[in-house]
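Residue strings, one per chain:
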Amino acid sequence: MKKLLSIFIILLTASLLFAKTNNKNDKQIFAFDSVDLDGNKISSEIYSQNKITMINIWGTFCGPCIREMPDLAKLSEENKSKGVQIIGIPIDIVDDWGKLDKSLKADALMIIDKTGVQYKNVVPTVDMFRGFLRGIQAVPTTFFIDKDGRQIGGVYMGSRSQKDWQKIIDKLLEAQ
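A short tour of the structure in this document, coming up. (Residues numbered from 1 in each chain as written. Predicted model: local features only at pLDDT ≥ 70, side-chain atom pairs only at ≥ 80, totals over all residues. Heavy atoms only, no water.)

### Description of the overall build of the protein
Next up, step 1: From N to C terminus, the protein includes 5 helices and 7 strands.
Next up, step 2: Each helix and strand of the protein, placed in order from N terminus to C terminus, yields the pattern α-β-β-β-α-β-α-β-α-β-β-α.
Next up, step 3: Each of the 176 residues in the protein was classed as buried or not, and the buried ones make up 41%. (Helix = DSSP H or I, 4+ residues; strand = E, 2+ residues; numbered from the N terminus. Buried < 20%, exposed > 50% of the residue type's maximum accessible area, 1.4 Å probe, protein only.)

Pasting the structure below:
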(Lines give C-alpha, C1' and ligand atoms only; values in the text may rest on other atoms or scores of the structure.)
Protein backbone atom coordinates (compact mmCIF):
# COMPACT_ATOMS: atom_id res chain seq x y z
CA MET A 1 0.00 0.00 0.00
CA LYS A 2 2.85 2.43 0.86
CA LYS A 3 4.47 1.72 -2.49
CA LEU A 4 1.23 2.36 -4.35
CA LEU A 5 0.69 5.62 -2.45
CA SER A 6 4.27 6.72 -3.22
CA ILE A 7 3.79 5.99 -6.93
CA PHE A 8 0.51 7.91 -6.91
CA ILE A 9 2.14 10.95 -5.28
CA ILE A 10 5.05 10.87 -7.74
CA LEU A 11 2.69 10.64 -10.73
CA LEU A 12 0.45 13.39 -9.38
CA THR A 13 3.43 15.68 -8.77
CA ALA A 14 4.86 14.95 -12.22
CA SER A 15 1.53 15.61 -13.92
CA LEU A 16 1.11 18.92 -12.08
CA LEU A 17 4.62 20.01 -13.03
CA PHE A 18 4.10 18.94 -16.65
CA ALA A 19 0.76 20.70 -16.88
CA LYS A 20 2.22 23.91 -15.42
CA THR A 21 5.20 24.09 -17.75
CA ASN A 22 3.13 23.31 -20.84
CA ASN A 23 0.20 25.61 -20.16
CA LYS A 24 0.66 28.60 -22.47
CA ASN A 25 -1.38 30.83 -20.16
CA ASP A 26 1.17 30.30 -17.38
CA LYS A 27 3.82 31.93 -19.52
CA GLN A 28 2.13 35.32 -19.13
CA ILE A 29 3.27 35.81 -15.58
CA PHE A 30 4.04 39.46 -16.24
CA ALA A 31 0.43 40.63 -16.31
CA PHE A 32 -0.53 43.72 -14.32
CA ASP A 33 -3.16 46.42 -13.84
CA SER A 34 -1.99 49.62 -12.20
CA VAL A 35 -1.49 53.33 -12.76
CA ASP A 36 1.52 55.26 -13.90
CA LEU A 37 3.04 57.99 -11.75
CA ASP A 38 0.72 60.53 -13.41
CA GLY A 39 -2.33 58.53 -12.28
CA ASN A 40 -3.23 57.15 -15.71
CA LYS A 41 -4.44 53.55 -15.87
CA ILE A 42 -1.91 51.18 -17.38
CA SER A 43 -1.90 47.43 -17.84
CA SER A 44 0.14 44.68 -19.40
CA GLU A 45 -1.81 45.24 -22.62
CA ILE A 46 0.87 47.85 -23.28
CA TYR A 47 3.22 44.99 -24.24
CA SER A 48 1.25 44.32 -27.44
CA GLN A 49 2.10 47.79 -28.77
CA ASN A 50 5.78 46.91 -29.31
CA LYS A 51 8.05 43.99 -30.17
CA ILE A 52 9.94 44.24 -26.88
CA THR A 53 9.29 45.90 -23.54
CA MET A 54 12.23 46.51 -21.25
CA ILE A 55 11.12 46.55 -17.61
CA ASN A 56 13.52 48.34 -15.28
CA ILE A 57 12.85 47.95 -11.57
CA TRP A 58 14.52 50.71 -9.60
CA GLY A 59 14.48 52.44 -6.23
CA THR A 60 14.55 56.08 -5.18
CA PHE A 61 17.37 55.19 -2.76
CA CYS A 62 19.49 53.46 -5.41
CA GLY A 63 22.46 55.42 -6.79
CA PRO A 64 23.23 52.99 -9.64
CA CYS A 65 19.55 53.01 -10.64
CA ILE A 66 19.48 56.78 -10.88
CA ARG A 67 22.84 57.00 -12.66
CA GLU A 68 21.67 54.67 -15.45
CA MET A 69 18.34 56.44 -16.00
CA PRO A 70 19.69 59.08 -18.43
CA ASP A 71 21.07 56.21 -20.56
CA LEU A 72 17.70 54.44 -20.38
CA ALA A 73 15.98 57.67 -21.44
CA LYS A 74 18.24 57.83 -24.52
CA LEU A 75 17.67 54.13 -25.24
CA SER A 76 13.93 54.67 -25.06
CA GLU A 77 14.00 57.47 -27.61
CA GLU A 78 16.51 55.79 -29.94
CA ASN A 79 14.68 52.45 -30.02
CA LYS A 80 11.04 53.55 -30.37
CA SER A 81 11.12 53.16 -34.13
CA LYS A 82 12.44 49.60 -33.71
CA GLY A 83 9.42 48.58 -31.62
CA VAL A 84 11.10 48.79 -28.21
CA GLN A 85 9.63 50.49 -25.17
CA ILE A 86 10.85 50.90 -21.62
CA ILE A 87 8.75 50.77 -18.47
CA GLY A 88 10.14 51.73 -15.09
CA ILE A 89 8.86 50.43 -11.76
CA PRO A 90 10.02 52.41 -8.72
CA ILE A 91 9.73 49.53 -6.28
CA ASP A 92 9.99 51.48 -3.02
CA ILE A 93 7.17 54.02 -3.42
CA VAL A 94 4.53 51.80 -1.76
CA ASP A 95 4.43 50.29 1.71
CA ASP A 96 3.92 46.62 2.63
CA TRP A 97 0.15 47.01 2.23
CA GLY A 98 0.39 48.57 -1.21
CA LYS A 99 -0.35 52.11 -0.06
CA LEU A 100 1.41 54.80 -2.07
CA ASP A 101 3.90 56.86 -0.06
CA LYS A 102 3.35 60.42 -1.35
CA SER A 103 6.80 61.58 -0.25
CA LEU A 104 8.56 58.73 -2.07
CA LYS A 105 6.35 59.25 -5.12
CA ALA A 106 7.46 62.91 -5.11
CA ASP A 107 11.08 61.73 -4.88
CA ALA A 108 10.51 59.38 -7.83
CA LEU A 109 8.96 62.16 -9.92
CA MET A 110 11.87 64.48 -9.10
CA ILE A 111 14.39 61.79 -10.13
CA ILE A 112 12.48 61.11 -13.35
CA ASP A 113 12.47 64.82 -14.16
CA LYS A 114 16.19 65.28 -13.35
CA THR A 115 17.25 62.27 -15.43
CA GLY A 116 15.19 63.19 -18.50
CA VAL A 117 13.06 60.04 -18.42
CA GLN A 118 10.02 60.20 -20.72
CA TYR A 119 9.00 56.53 -20.58
CA LYS A 120 6.19 55.25 -18.36
CA ASN A 121 6.85 54.49 -14.72
CA VAL A 122 4.32 52.23 -13.05
CA VAL A 123 3.18 52.24 -9.43
CA PRO A 124 3.74 48.68 -8.14
CA THR A 125 0.67 46.91 -6.76
CA VAL A 126 0.24 44.17 -4.18
CA ASP A 127 -0.57 41.75 -7.03
CA MET A 128 2.69 42.68 -8.75
CA PHE A 129 4.59 41.97 -5.52
CA ARG A 130 2.81 38.61 -5.27
CA GLY A 131 3.67 37.92 -8.90
CA PHE A 132 6.63 38.94 -10.99
CA LEU A 133 8.15 41.32 -8.42
CA ARG A 134 8.20 38.62 -5.76
CA GLY A 135 11.72 37.39 -6.47
CA ILE A 136 13.36 40.80 -6.89
CA GLN A 137 16.27 40.91 -4.48
CA ALA A 138 18.23 43.90 -5.73
CA VAL A 139 17.78 47.02 -7.79
CA PRO A 140 18.19 47.80 -10.51
CA THR A 141 16.81 44.59 -11.96
CA THR A 142 15.84 44.54 -15.61
CA PHE A 143 14.15 42.01 -17.85
CA PHE A 144 12.49 41.97 -21.25
CA ILE A 145 8.98 40.98 -22.31
CA ASP A 146 7.75 40.14 -25.81
CA LYS A 147 4.51 41.49 -27.26
CA ASP A 148 2.62 38.48 -25.87
CA GLY A 149 3.73 39.16 -22.29
CA ARG A 150 6.35 36.41 -22.05
CA GLN A 151 9.83 36.99 -20.74
CA ILE A 152 12.61 36.81 -23.30
CA GLY A 153 16.30 36.77 -22.53
CA GLY A 154 17.66 36.80 -19.01
CA VAL A 155 17.16 38.78 -15.86
CA TYR A 156 19.81 41.45 -15.49
CA MET A 157 20.80 42.63 -12.04
CA GLY A 158 22.80 45.82 -11.77
CA SER A 159 23.10 48.86 -13.97
CA ARG A 160 24.62 48.93 -17.44
CA SER A 161 25.74 51.54 -19.91
CA GLN A 162 23.63 52.64 -22.85
CA LYS A 163 26.03 50.78 -25.15
CA ASP A 164 25.72 47.53 -23.17
CA TRP A 165 21.91 47.73 -23.05
CA GLN A 166 21.83 48.44 -26.79
CA LYS A 167 23.78 45.24 -27.50
CA ILE A 168 21.27 43.23 -25.43
CA ILE A 169 18.32 44.91 -27.14
CA ASP A 170 19.78 44.29 -30.62
CA LYS A 171 20.27 40.57 -29.85
CA LEU A 172 16.72 40.26 -28.57
CA LEU A 173 15.34 42.05 -31.63
CA GLU A 174 17.25 39.68 -33.92
CA ALA A 175 15.65 36.72 -32.17
CA GLN A 176 12.09 38.09 -32.56
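### Details of the state of the cysteines
Next up, step 1: Evaluated as defined, the whole model comprises 1 disulfide.
Next up, step 2: Between the sulfur atoms of Cys-62 and its disulfide mate Cys-65 the distance is 2.3 Å. Judged by the torsion about the S-S bond (80°), the Cys-62/Cys-65 disulfide is right-handed. For the residue pair Cys-62 and Cys-65, the accessibility class agrees, reading buried in each case. (Disulfide = S-S within 2.5 Å.)

### Considerations on the sheet that holds strand S5 (residues 120-121)
Next up, step 1: Spatial strand order, S5-S4-S3-S6-S7: 5 strands in an open sheet with mixed pairing. The sheet is open, and its two borders are formed by S5 and strand S7 (151-157), each paired with just one other strand.
Next up, step 2: Pairing between strand S6 (residues 141-146) and S7: 4 bridges, direction antiparallel. In the strand pairing of S7, Thr-141 is matched with Met-157. (Pairing = 2+ DSSP bridges.)

### Focus: helix H2 (residues 63-79)
Next up, step 1: Here H2 contains 17 residues, and its C-alpha end-to-end distance of 25 Å stays within 8% of the 24 Å for a straight helix at 1.5 Å per residue.
Next up, step 2: Along H2, the sharpest change in direction is near 35° and occurs at Met-69; proline Pro-70 comes one to four residues later.
Next up, step 3: Every buried residue of H2 is accounted for by Cys-65, Glu-68, Met-69, Leu-72, Ala-73, Leu-75, Ser-76 and Asn-79. (Expected span 1.5 Å × (residues − 1). Bend = angle between axes of the 7 residues up to and from the residue.)

### Points about the packing of H2 against helix H5 (residues 162-175)
Next up, step 1: Close contact between H2 and H5 brings their axes to 9 Å; oriented N to C, the two are set at 40°. As judged from the angle between their axes, H2 and H5 are oblique. Note on packing geometry: the crossing formed by H2 with H5 is right-handed. On H5, the residues touching Glu-68, Asp-71, Leu-72, Lys-74, Leu-75, Glu-78 and Asn-79 of H2 are Gln-162, Trp-165, Gln-166 and Ile-169.
Next up, step 2: Grouping the constituent residues of the contact of H2 with H5 by class yields 4 nonpolar, 3 polar and 4 charged. (Axes fitted to C-alpha atoms, helices over the stretch in contact; angles between N-to-C directions. Parallel < 35°, antiparallel > 145°, perpendicular 65-115°, else oblique. Left-handed = near helix turned anticlockwise from the far one by under 90°. Contact = heavy atoms within 4.5 Å. Nonpolar A, V, L, I, M, F, W, Y, C, P; charged D, E, K, R; others polar.)

### Some thoughts on unusual backbone geometry
Next up, step 1: Val-139 connects to Pro-140 through a cis peptide bond whose omega is 0°.
Next up, step 2: Tracing the backbone through its elements, the reader meets Pro-140 in the loop between helix H4 (126-130) and S6.

### Overview of the pattern of salt bridges
Next up, step 1: Using the criterion set out here, one finds 6 salt bridges in the structure.
Next up, step 2: The network of salt bridges with shared partners includes Asp-146, Asp-148 and Arg-150. (Salt bridge = Lys/Arg side-chain N within 4 Å of Asp/Glu carboxyl O.)

### What to know about the side chain of Ser-76
Next up, step 1: If you trace the backbone, Ser-76 turns up in helix H2.
Next up, step 2: Under the relative-accessibility criterion, Ser-76 is labelled buried at 6%.
Next up, step 3: Look past the residues within four positions of Ser-76 in its chain and what remains in contact with it is Ile-86 and Tyr-119.

### Quick notes on the packing of H2 against helix H3 (residues 102-115)
Next up, step 1: Viewed as axis vectors pointing N to C, H2 and H3 meet at an angle of 55°, and their least axial separation amounts to 9 Å. Our classification of the angle between H2 and H3 gives oblique. When you trace H2 past H3, the crossing you get is right-handed. For the pair H2 and H3, contact is made by Ile-66, Met-69, Pro-70 and Ala-73 and by Ile-111, Ile-112 and Thr-115, respectively.

### Let's talk about H5
Next up, step 1: Under the 1.5 Å per step criterion, the end-to-end length of H5 is 20 Å for 14 residues, consistent within 8% with the ideal 20 Å.
Next up, step 2: Packing partners of the buried residues in H5 comprise strand S3 (52-58), H2, strand S4 (84-90), S6 and S7.

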